[in-house]
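Residues per chain, in single letters:
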Amino acid sequence: MDVRSRSRISTDVVVAGGGAAGVAAAVTAARAGLRVTLVERYGFCGGGAVAGLSGTVCGLYEATDNRQARPRQVVFGFADEFVRALDVRGGLTAPLPYGKTWTRVHDPLVWREAADALLRDAGVEVIYHATVTGVLSEGEERIEGVALWTKQGPLEVRAG
Ligand SMILES: Cc1cc2nc3c(=O)[nH]c(=O)nc-3n(C[C@H](O)[C@H](O)[C@H](O)COP(=O)(O)OP(=O)(O)OC[C@H]3O[C@@H](n4cnc5c(N)ncnc54)[C@H](O)[C@@H]3O)c2cc1C
């Protein structure tokens, strides 16, 4: 049991986990003018893409049976912005054939740098080495925040 005193912070939005979904959610919410705190158990973002070394960015291009077709990107939004951030840092290949579609191989170290830059520029507060251990709730109706274990001891983050 960690006997250090519990710290408490409050924010508008708490995002648990800095994988692809968490980075997108945190940056998007911060750009909408909200105070956002992202908590991540490891010392870097990326989840499956970085810690898991998944290797490629899938899902951006149309699938087709036409073997002569060129890659046609059909997913844009934050995913597209993130891919561009990887590209300008030299962390991404051109689209490569993958079954009926195309994929792009990324460098996981560049992935986490791109994520950190987007989070920093959006003003997201990031707490690494912070593992969510439970939720803070008011009865069964409302989740108020999360309880965490961090390297600095127990932490509660309440989010409006
Ligand atoms: C074997 C495998 C291979 C794959 N290959 C590819 C591929 O080549 N290309 C591709 O595009 N997709 C691939 N995928 C899919 C891709 O990995 C997922 O779609 C993507 O990682 C999902 O992102 P996410 O943010 O939802 O979750 P995750 O990437 O899992 O991120 C979750 C984050 O939350 C953190 N976290 C978890 N629990 C806690 C906690 N209690 N407290 C704090 N933080 C926590 C984790 O450390 C992690 O950073 C693959 C998946 C698998 C399983």
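Going by the structure above, here's the rest.
Residues numbered from 1 in each chain as written. Predicted model: local features only at pLDDT ≥ 70, side-chain atom pairs only at ≥ 80, totals over all residues. Heavy atoms only, no water.

K.L.:
Is there a simple way to think about the sheet that holds strand β2 (residues 13-16) in this case?
P.N.:
Strand pairing within a sheet occurs via backbone hydrogen bonds; the two strands may be parallel or antiparallel. In space, the three strands of this open sheet follow the order β2-β3-β7, with parallel pairing throughout. Across the chains shown, the open sheet's two edge strands, defined by having one partner strand only, are β2 and β7 (125-127). This sheet shows a mean twist of 20° between the axes of neighbouring strands, independent of strand direction. In the sheet, β2 pairs with strand β3 (residues 36-39) via four bridges, with the strands oriented parallel. For Val-15, the partnering residue across the bridge sits in β3 and is Leu-38. (Pairing = 2+ DSSP bridges. Helix = DSSP H or I, 4+ residues; strand = E, 2+ residues; numbered from the N terminus. Axes fitted to C-alpha atoms, helices over the stretch in contact; angles between N-to-C directions.)

K.L.:
Where do I start with the site of the ligand in this structure?
P.N.:
Lining the immediate environment of the ligand, one finds 17 residues, of which Ala-21, Glu-40, Gly-48, Thr-56 and Val-132 sit closest. A distance of 2.7 Å separates an oxygen atom of the ligand from a polar side-chain atom of Thr-56. Of all the secondary-structure elements, those providing two or more residues to the shell around the ligand are α1 (20-31), β4 (56-57) and β8 (130-138). Looking at which element gives the most residues to the shell around the ligand, the answer is β8, with three residues. Of the residues that constitute the shell around the ligand, the class distribution is seven nonpolar, eight polar and two charged. In terms of domain composition, the shell around the ligand takes at least three residues from each of domain 1 (1-55 + 108-160) and domain 2 (56-105). (Near = heavy atom within 4 Å. Polar contact = N/O pair within 3.5 Å; in protein donor to acceptor, adjacent residues only side chain to side chain. Nonpolar A, V, L, I, M, F, W, Y, C, P; charged D, E, K, R; others polar. Domains from an automatic or database assignment.)

K.L.:
Just to check I follow, could you spell out the packing of helix α2 (residues 77-88) against helix α3 (residues 108-122) for this structure?
P.N.:
The axes of two packed helices give the description: the angle between them and the distance between them. Between α2 and α3, the shortest axis-to-axis distance is 9 Å and the interhelical angle comes to 120°. In terms of orientation, α2 and α3 fall into the oblique class. Read as a crossing pair, α2 and α3 show a hand that is right-handed. Between α2 and α3, the contacting residues are Phe-78, Glu-81, Phe-82, Ala-85 and Leu-86 on the first element and Val-110, Trp-111, Ala-114, Ala-115 and Leu-118 on the second. (Parallel < 35°, antiparallel > 145°, perpendicular 65-115°, else oblique. Left-handed = near helix turned anticlockwise from the far one by under 90°. Contact = heavy atoms within 4.5 Å.)

K.L.:
What should I look at first to understand the packing of aromatic side chains in this one?
P.N.:
Centre distance and the angle of the planes are the two values used to describe a pair of aromatic rings. If you walk through the whole model with that rule in mind, you get three aromatic pairs. Here the aromatic rings of Tyr-42 and Phe-44 are separated by 5.9 Å at their centres, their planes lie at 25°, and the arrangement is stacked. Assessed through its relative accessible area of 37%, Tyr-42 is described here as partly exposed. Relative to Phe-82, the ring of Phe-78 lies with its centre 6.4 Å away and its plane at 35°, an arrangement referred to as tilted. Taken together, the positions of Phe-78 and Phe-82, both in helix α2 and four residues apart, correspond to about one turn of that helix. Summarising the burial analysis for this pair, Phe-78 and Phe-82 share the class buried. Here the aromatic cluster, defined as three or more aromatic residues joined through ring pairs, consists of Phe-78, Phe-82 and Trp-111. In this arrangement the basic side chain of Arg-112 is found over the ring face of Phe-44, its NZ or CZ atom lying 5.3 Å from the centre. (Phe/Tyr/Trp six-rings, centres within 6.5 Å; stacked < 30°, edge-to-face > 60°. Buried < 20%, exposed > 50% of the residue type's maximum accessible area, 1.4 Å probe, protein only. Lys NZ or Arg CZ within 6 Å of the ring centre and 35° of its normal.)

K.L.:
Looking at this model, I keep getting lost on the sheet that holds β8. Mind explaining?
P.N.:
In space, the four strands of this open sheet follow the order β1-β10-β9-β8, with mixed pairing throughout. With one partner strand each, in any of the chains shown, β1 (7-11) and β8 form the two edges of the open sheet. Taken pair by pair, the neighbouring strands of this sheet meet at an average axis angle of 25°, ignoring direction. With five bridges joining them, β1 and strand β10 (residues 153-159) adopt parallel strand pairing. Bridge pairing in β10 places Ser-10 opposite Arg-158.

K.L.:
Quick question: what am I supposed to make of the environment of Val-110 here?
P.N.:
Structurally, Val-110 can be placed in helix α3. You can call Val-110 buried: its relative accessible area is 9%. As for Val-110 and Gly-90, which are separated by 20 residues in sequence, their C-alpha atoms are 7.9 Å apart. When near neighbours in sequence (up to four residues on either side) are disregarded, Val-110 contacts Leu-86, Arg-89 and Gly-91.

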